[in-house]
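# Residue-level structure breakdown
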Number of protein chains: 2
Amino acid sequence: MTSFFEECAAAAVPVDERAARAAAELHLRLTKPPGALGRLETAGVQLAAIAGQSPPPVPEPAAVAVFAGDHGVLVEGVSPWPAEVTAQMLANFAAGGAAINVLARHAGARVVVVDVGVATPYEPHPGIVDANVRKGTGNMAREPALTGDEARAALDVGASTAARLVDEGARALITGEMGIGNTTPSAALIAAFTGSPPADVTGRGTGIDDQTLAHKVAVIERALARHAATPTADDPIDTLASLGGLELAALAGFIVGGASRRVPVIIDGVIACAALLVAHALVPEALGYCVAGHRSTEPGAAAALAHVGLVPLLDLDLRLGEGSGACLALPVLQAAAKILREMATFDAAGVTAKH
Amino acid sequence: MTSFFEECAAAAVPVDERAARAAAELHLRLTKPPGALGRLETAGVQLAAIAGQSPPPVPEPAAVAVFAGDHGVLVEGVSPWPAEVTAQMLANFAAGGAAINVLARHAGARVVVVDVGVATPYEPHPGIVDANVRKGTGNMAREPALTGDEARAALDVGASTAARLVDEGARALITGEMGIGNTTPSAALIAAFTGSPPADVTGRGTGIDDQTLAHKVAVIERALARHAATPTADDPIDTLASLGGLELAALAGFIVGGASRRVPVIIDGVIACAALLVAHALVPEALGYCVAGHRSTEPGAAAALAHVGLVPLLDLDLRLGEGSGACLALPVLQAAAKILREMATFDAAGVTAKH
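By convention here, each chain's residues receive numbers from 1 onward along its written sequence. Following the order in which they are written, the chains are lettered starting with A and the ligands numbered starting with 1. Note on the predicted model: pLDDT of at least 70 is required for a residue's local features to be given, and 80 or more for side-chain atom pairs to be given and counted; whole-chain, interface and lining totals, by contrast, use all residues. With hydrogens and water excluded, all non-hydrogen atoms of the structure serve as input to the side-chain values.

Counting its regular elements, chain A contains 15 helices and 6 strands. Here the globule rule is a power law, 2.2 Å times the number of residues to the power 0.38, and the radius of gyration is based on C-alpha atoms. What you see for chain A is a C-alpha radius of gyration of 20 Å, in line with the 20 Å of a compact globule of 355 residues. With the principal axes as the frame, chain A shows a C-alpha extent of 70 × 45 × 40 Å. Burial classes: relative accessible area under 20% of the type maximum marks a residue as buried, over 50% as exposed, and values in between as partly exposed (1.4 Å probe, protein chains only). A buried classification covers 63% of the 355 residues belonging to chain A. Labels follow the DSSP assignment, with helices taken as runs of H or I lasting at least four residues and strands as runs of E lasting at least two, numbered in each case from the N terminus.

Take the domain arrangement of chain A next. All names here are of chain A. Each domain of chain A was delimited in the assignment, giving domain 1 (4-57 + 340-349) and domain 2 (62-332). Using C-alpha coordinates to define each centre, domain 1 is positioned 28 Å away from domain 2. At the junction of the two partners, domain 1 supplies 18 residues and domain 2 supplies 26 residues. In this description, buried area is defined as the sum, over both parts, of the accessible area (probe of 1.4 Å) that is lost when the two are combined. Taking both partners together, domain 1 and domain 2 bury about 1700 Å²; carbon and sulfur atoms supply 68% of that area. For this analysis, a polar contact is any N or O atom pair within 3.5 Å, provided that within protein one partner can donate a hydrogen and the other can accept it, and provided that sequence-adjacent residues contribute only side-chain to side-chain pairs. The tally of links from domain 1 across to domain 2 stands at 8 residue pairs in polar contact (both at pLDDT 80 or more). Secondary structure elements with two or more residues in the side of domain 1 that touches domain 2: helix 1 (4-11) and helix 3 (38-51). When residues of the side of domain 1 that touches domain 2 are assigned to their parent elements, the largest contribution, 7 residues, is made by helix 3. The class makeup of the residues in the side of domain 1 that touches domain 2 is 14 nonpolar, 2 polar and 2 charged. These domain boundaries are the output of an automatic or database domain assignment. Should any heavy atoms of two residues lie within 4.5 Å, those residues are counted as being in contact. Each residue gets one of three labels, nonpolar for Ala, Val, Leu, Ile, Met, Phe, Trp, Tyr, Cys and Pro, charged for Asp, Glu, Lys and Arg, and polar for the others, Gly among them.

Residue and element names in this part refer to chain A. Strands are labelled as partners when DSSP assigns at least two bridges between them. Pairing in this open sheet of 6 strands is parallel, and the strands run 3-2-1-4-5-6 from one edge to the other. The open sheet is flanked by strand 3 (128-130) and strand 6 (290-292), the only strands paired with a single partner. Going across the sheet, the axis of each strand differs from the next one's by a mean of 30°, ignoring polarity. Direction of pairing for strand 5 (residues 265-267) relative to strand 6: parallel, over a ladder of 3 bridges. To obtain an axis, a line is fitted to C-alpha atoms, over the contacting stretch when the element is a helix, and the angle between two such axes runs from 0 to 180 degrees between their N-to-C directions.

Turning to helix 6 (residues 148-167) of chain A, a few remarks are in order. Residue and element names in this part refer to chain A. Over its 20 residues, helix 6 runs 28 Å from end to end, which matches the ideal 28 Å to within 8%, given 1.5 Å per residue. Buried residues of helix 6: Glu150, Ala151, Ala154, Leu155, Val157, Gly158, Ala159, Thr161, Ala162, Ala163, Leu165 and Val166, and no others. Taken from the residues just after helix 6, glycine 169 is the one with a positive phi, measuring 120°. Helix span, as expected, comes to 1.5 Å for every residue beyond the first.

Geometrically, a packed helix pair is captured by the angle between its two axes and the distance between the axes. Residue and element names in this part refer to chain A. Here helix 7 (residues 183-194) crosses helix 13 (residues 299-308) at 30°, and the two axes come no closer than 10 Å. Considering the relative orientation of helix 7 and helix 13, their crossing is left-handed. Note on element contacts: helix 13 touches helix 7 through Gly300, Ala301, Ala303, Ala304 and His307, opposite Ile190, Phe193 and Thr194. Within the contact of helix 7 with helix 13, the residues separate by chemical class into 5 nonpolar, 3 polar and no charged. Left-handed describes a crossing in which the near helix is turned anticlockwise from the far one by less than a right angle; the clockwise case is right-handed.

As a further point, take the interface of chain A and chain B. Opposite the 53 residues of chain A that make contact, chain B presents 53 residues. For the pair chain A and chain B, the summed buried area comes to about 4600 Å², and 66% of that belongs to carbon and sulfur atoms. What counts as a salt bridge is simple: a side-chain nitrogen of Lys or Arg found within 4 Å of a carboxyl oxygen of Asp or Glu. Our enumeration of links across chain A and chain B arrives at 2 salt bridges. Measuring nitrogen to oxygen at the nearest pair gives 2.9 Å for the salt bridge that ties A:Arg105 to B:Glu342.

We now examine the relation of the copies chain A and chain B. When chain A is fitted onto chain B, the two copies agree to an RMSD of 0.0 Å after a turn of 180° and an axial shift of 0.0 Å. What we have between these two chains is a two-fold relation. Minimal C-alpha distance to the rotation axis in chain A is attained by A:Leu314, lying at 3.2 Å. A share of 100% of interface residues in chain A that are also interface residues in chain B marks the association as one of identical surfaces. Least squares is the method used to superpose the copies, on C-alpha atoms of residues holding a pLDDT of at least 70 in both.

Moving on, we come to helix 3 of chain A. In an α-helix there are 3.6 residues to a turn, and that puts residues three or four apart on one side. The end-to-end C-alpha distance of helix 3 of chain A is 21 Å, a good match for the 20 Å that 14 residues give at a rise of 1.5 Å each. Of all 14 residues making up helix 3 of chain A, 10 are buried, and the element is well covered by its neighbours. Looking only at helix 3 of chain A, the buried set comprises A:Gly38, A:Arg39, A:Leu40, A:Glu41, A:Ala43, A:Gly44, A:Leu47, A:Ala48, A:Ala49 and A:Ile50. Where the residues of helix 3 of chain A are buried, they touch helix 2 (17-29) and helix 14 (324-342) of chain A together with helix 5 (99-107) and helix 14 (324-342) of chain B. Backbone geometry just after helix 3 of chain A places A:Gly52 at a positive phi near 75°.

Attention now goes to the nonpolar core. For the purposes of this section, nonpolar cores are sets of buried Ala, Val, Leu, Ile, Met, Phe, Trp, Tyr and Cys residues that join through side-chain atoms within 4.5 Å. Core analysis: the largest hydrophobic core is formed by 275 residues, its most contacted members being A:Leu173 and B:Leu173. Ignoring any residue separated from it by four or fewer positions in sequence, one finds A:Leu173 in contact with A:Ala63, A:Ala162, A:Leu165, A:Val166, A:Phe254, A:Gly258, A:Val263, A:Pro264, A:Val265 and A:Ile266.

Below, the discussion takes up the confidence of the model for chain A. For every residue, the pLDDT score states the predictor's confidence, bounded by 0 at the bottom and 100 at the top. With 100% of its residues at a pLDDT of at least 70, chain A reaches an overall mean of 97. This complex was scored by the predictor with a pTM of 0.97 and an ipTM of 0.97.

Residues and elements named next belong to chain B. The full count for this structure, using the stated rule, is 22 salt bridges over all chains. A salt bridge links glutamate 25 to arginine 29; the shortest N-O distance between them is 3.1 Å. Of this pair, glutamate 25 and arginine 29 both sit in helix 2 (residues 17-29), separated by 4 residues, roughly a single helical turn. Residue classification places glutamate 25 among the partly exposed positions, given a relative accessible area of 40%. When the shortest N-O distance is used, the salt bridge between arginine 152 and aspartate 149 registers 3.3 Å. Remark: aspartate 149 and arginine 152 occur in helix 6 (residues 148-167); sequence separation between them is 3 residues, near one turn of the helix.

Before going further, it helps to examine unusual backbone geometry. Looking along the chain, the bond that leaves A:Glu60 and enters A:Pro61 is cis, with omega of -5°. In this fold, A:Pro61 is placed in the loop between helix 3 and strand 1 (62-69). You will see that A:Asp317, though not glycine, has its phi angle at about 60°, which is positive. Here A:Asp317 shows up in the loop between helix 13 and helix 14. The residue B:Glu322 is not glycine, and still its phi comes out positive at about 70°. Within the element layout of this structure, B:Glu322 appears in the loop between helix 13 (299-308) and helix 14.

All right, on to the sheet that holds strand 5 (residues 265-267) of chain B then. Residues and elements named next belong to chain B. Taken together, 6 strands build an open sheet; the order of strands is 3-2-1-4-5-6 and the sheet is parallel. The outermost strands of the open sheet, each flanked by one partner alone, are strand 3 (128-130) and strand 6 (290-292). Between one strand axis and the next, the sheet turns by 30° as a mean value, whatever way the strands run. Where strand 2 (residues 110-117) meets strand 3, 3 bridges bridge the pair, whose relative direction is parallel. For aspartate 115, the partnering residue across the bridge sits in strand 3 and is aspartate 130. Packing of helix 6 onto the sheet brings it into contact with strand 1 (62-69), strand 2, strand 3 and strand 4 (172-178), and relative to strand 2 it is tilted by some 165°. Packing of helix 14 onto the sheet brings it into contact with strand 1, strand 4, strand 5 and strand 6, and relative to strand 5 it is tilted by some 130°.

Further remarks concern the packing of aromatic side chains. All names here are of chain B. For Phe, Tyr and Trp, where Trp contributes only its six-membered ring, two rings pair if their centres lie within 6.5 Å, and the inter-plane angle classes them as stacked under 30 degrees, edge-to-face over 60, or tilted in between. This model, assessed by the stated rule, comprises 4 aromatic pairs over all chains. Ring centres of phenylalanine 67 and phenylalanine 254 lie 5.5 Å apart, and the angle between their planes is 70°; on these two criteria the pair is classed as edge-to-face. Separated by 187 residues along the polypeptide, phenylalanine 67 in strand 1 and phenylalanine 254 in helix 11 (residues 246-260) bring together distant segments of the chain. Each member of the pair, phenylalanine 67 as well as phenylalanine 254, is classed as buried.

Written out as structure tokens, the structure is:
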């Protein structure tokens, strides 16, 4: 039987290069020197390619999906924060008090919170979708984080969340996540998919000291060595299962789901960048629908974006995750569409072009 | 008699360091790792310092003032665009079809258009404020661009525009401008105030070729040599008059006017950066109220910002001016205030702090 993720993967088509060319040509007729709006112009061209029309529709309203999961690797001592914080933050998201709530309200985006792998019990809340596949991953340093079936189930959760949000009106999707310890599996996935040494793509996450950072790198090296010894090490799903996390798998599915519905998907920090590598490995066509919202201070984020050739819109020294940086990029993306839709042309405005 | 600009200069007080410390302390209690919101946190601290309260008010609504003027130096062949385009673009601004109109509408900011020095006659329009001081500057390569009195009159136009906009409700000011040829006086002012060689701070403006760029640098060198030979070369007003422009002087007044009213002033591209150097030389206290909206591709912009120690929020390869990049930065600044106002603390949300 075909899974929902597989349906979305099959439905994802390359972005429309004809619409992209039409938008690039339209930019030349608007009342400004050619190219003077820089990244706003390239973003507008990409939006046209995604929507298949020039000028492109404004990507609004937007929706942020915050996928939450826990990580068995936390027992190795890779983070100073206890696992219960993942569940506590779910309640904070549901109550509207976290950074992503503030930033999403500011950007006019809705937030949906999806438990795809939280380990600690919590009070059910109408604002939290229970799609729990497994209560936290295995410790990737000693065993696969997930089974292949669990990884596929989490991909489905992400893809179906994307489809539902678009069905409910979203015209831009924002990748959010929460999971204490999740910069560790993200760095492992980025090392595996880019071939970079773990020390080059592993960062301080919430702010660990030098000693914990060295230990975190060693734990990731151990997990990569264990994974490399498996017969399936070159299969993206197996790599995801071996080194990943439930929210990471859901984000990969979410990206592919958004691409299948032809809406832009704004990629947040290092967790979303790791998920992007998974999505790209499984469904290369999905990449054209992705916009890198910002450059996280985590080194793995920049490495992952460079690997797939995306240049981030913002660079604000953020390292929070939750979707925060992607949410801040949303108004820039919307402005890019409005430039193409609302600016006067030289002819219409009666402005003389240059000598 | 004291001019309005001088009144504003006298009223500008240093930003409030006590409120800044209170905001920095509040950031540590919000439900996120310390420092994880990077530039959003430092921007929030600055907003608290500007307003003298923590959390700071959200800087909304905002207003963009687009000061327009023409330049005698255009006869030297420094731009491929004819001077009439300045007046034609005034009509485009008044009709709402220019980039700044689109971006200001998107950001919820009003746009006021002020003719402080346009040379070409145009049809009067209720959306254009006639505050013309002189119909274009003199050719700075051969003579002072302005008299001291003209420069002072344009400073007054800018300061009174800022005061009026704040009186009418604006809680953030955005520096906009239009003037064919105005990257040339901007580069000259930046060279004069930073001591950089003209070749290091002169850019391609709307997009000139290598030969025109070399000529533009030579014209600026000639103007600087003429100015250096005057007995008043170390007087900021005289430097402004000698090398500046009417919209540049108005912008310097606008910055000081905003500071005197204790609202943030978002600095746009190279023209606004040159005006910032003038404002800073005349009223050092004004700097604390300034936020660098973006890093223009014009080399003089980065040199000017580095000279006064400002780091731009955005870097989107923009070189349009009009206030466009500053307008794109406004939502980031507003988000910075909302983070401090709306995020839950660890205590209130019942979230465990790290081990």
